[in-house]
Amino acid sequence: MANDLQAFSMALAESLAGSVQRVMRFPDAFFTVIVPADVLSAEVRAKAPSRGSSWAISDLMAEIQTLANPVPAQGLSLVRNVEDMESYTRQRVARARQAVDIALRLVAQEMLSASYWVEVRKAQNPARSFGRVAEDALAGLRTVLPWQADQRPQIPAGEIVYSYMLNNPAANYIGAEEGGVIHP
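Report follows, based on the coordinates. Treat the numbers as computed from the prediction; the structure is a model and nothing was measured.

**Here's the deal with the packing of aromatic side chains**
Per the stated rule, a full pass over the model turns up 4 aromatic pairs. Relative to Trp117, the ring of Phe26 has its centre 5.6 Å away and its plane inclined at 50°; by these criteria the two rings are tilted. Residue Phe26 is found in the loop between α1 (2–25) and α2 (29–32), and its partner Trp117 is found in helix α5 (residues 89–124); the two are separated by 91 residues along the sequence. Judged by centre distance (6.4 Å) and plane angle (70°), the ring pair of Tyr116 and Trp117 falls under edge-to-face. Assessed through its relative accessible area of 3%, Tyr116 is described here as buried.

**What to know about the nonpolar core**
Counting 15 residues, the largest nonpolar core has Leu16, Met61, Ile64 and Leu106 as its most contacted members. Contributions of two or more residues to this core are made by α1, α4 (54–68) and α5. Sort the elements by how many residues they give to this core and α4 lands first, with 6 residues. Sequence-distant contacts of Ile64, defined by excluding residues within four places in its chain, comprise Ala13, Leu16, Ala99, Ile102, Ala103 and Leu106.

**Some details on the pattern of salt bridges**
With the rule as written, the count across this model stands at 8 salt bridges. With its nearest N and O atoms 2.6 Å apart, the salt bridge here joins Glu110 to Arg22. You can see Glu110 sitting in helix α5 and its partner Arg22 sitting in helix α1, a full 88 residues away along the chain. Note that Arg142 is salt-bridged to Glu119, the shortest N-O span being 3.0 Å. Note that Arg142 is positioned in helix α6 (residues 132–142) and Glu119 in helix α5, a separation of 23 residues in sequence. Here Arg142 matches Glu119 in class, with each residue buried. In the salt-bridge network here, residues are joined through shared partners; they are Glu43, Lys47 and Asp150.

**Thoughts on a nonpolar patch on the surface**
Together, Phe8, Val100, Leu104 and Leu166 make up an exposed nonpolar region whose accessible area comes to about 310 Å². Turning to its location among the elements, Leu166 is positioned in helix α7 (residues 157–167). Given the relative accessible area of 48%, Leu166 is considered partly exposed.

Thresholds, definitions, all that
- Residues numbered from 1 in each chain as written.
- Predicted model: local features only at pLDDT ≥ 70, side-chain atom pairs only at ≥ 80, totals over all residues.
- Heavy atoms only, no water.
- Phe/Tyr/Trp six-rings, centres within 6.5 Å; stacked < 30°, edge-to-face > 60°.
- Helix = DSSP H or I, 4+ residues; strand = E, 2+ residues; numbered from the N terminus.
- Buried < 20%, exposed > 50% of the residue type's maximum accessible area, 1.4 Å probe, protein only.
- Core = buried A, V, L, I, M, F, W, Y, C linked by side-chain atoms within 4.5 Å.
- Contact = heavy atoms within 4.5 Å.
- Salt bridge = Lys/Arg side-chain N within 4 Å of Asp/Glu carboxyl O.
- Patch = residues over 30% accessible without salt bridge, like charges linked within 9 Å, V, L, I, M, F, W, Y side chains within 5 Å.
- Areas by Shrake-Rupley, 256 points an atom, 1.4 Å probe, with all protein chains shown as cover.

Everything listed is a geometric property; what it means functionally is a separate question.
Okay, here's the thing in C-alpha cells:
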C-alpha cells in the first residue's frame, strides 16, 4: 500500500504538469489566437476576476514536485539487532494526502483560467455553446466569483475557487443531460 501511494503521488505530479502548462500558455495569443482586449472592453477586463496566478501556480507545482520525491525504505534493527523493513507508510500517506490537496489548489487556478476564457469566448461569439454541463458549472462558480464586480474580496480568487470545488464536487454537474444533480 505504501508503494502504491508513493506511485500515486508521483503520477499525480506528472499529470499536473499538463494543467500547469495549459494555464501558463493561455496569456499567449499564439495558443488562443486572440487576446481578451480583442473582444472585452477595458472596463469589463478591469471588473473581471483573476485568470489564475502564475506565481501561485509555480509555487504549488514546486510543492507537488517535492511531494513526488520518493521516501526511501530503510532496514532498521529494532529488536535484538534483527532488521525490520520500514517503508515509512505514515509519511507516504501524509505526502499523498498533501499532494491531493495541492492538486486541488492547482486545479482551482486552472478553473480560474478556464472560466475567464469561457467568458472571453462568449463575448467573441455570443451564440457559442459550451454544453449544459460546462455552462451549469460556470453558473455555479459565478455565484461565488462573479464575472463582473467593482470590488473583490481580500481572499485570493484561487482560494475562493478551491473552497467552491470542495463544496461543489464535479459529480454535481457530470451526467446532467441524463438527469444528474444540478447545482441550484
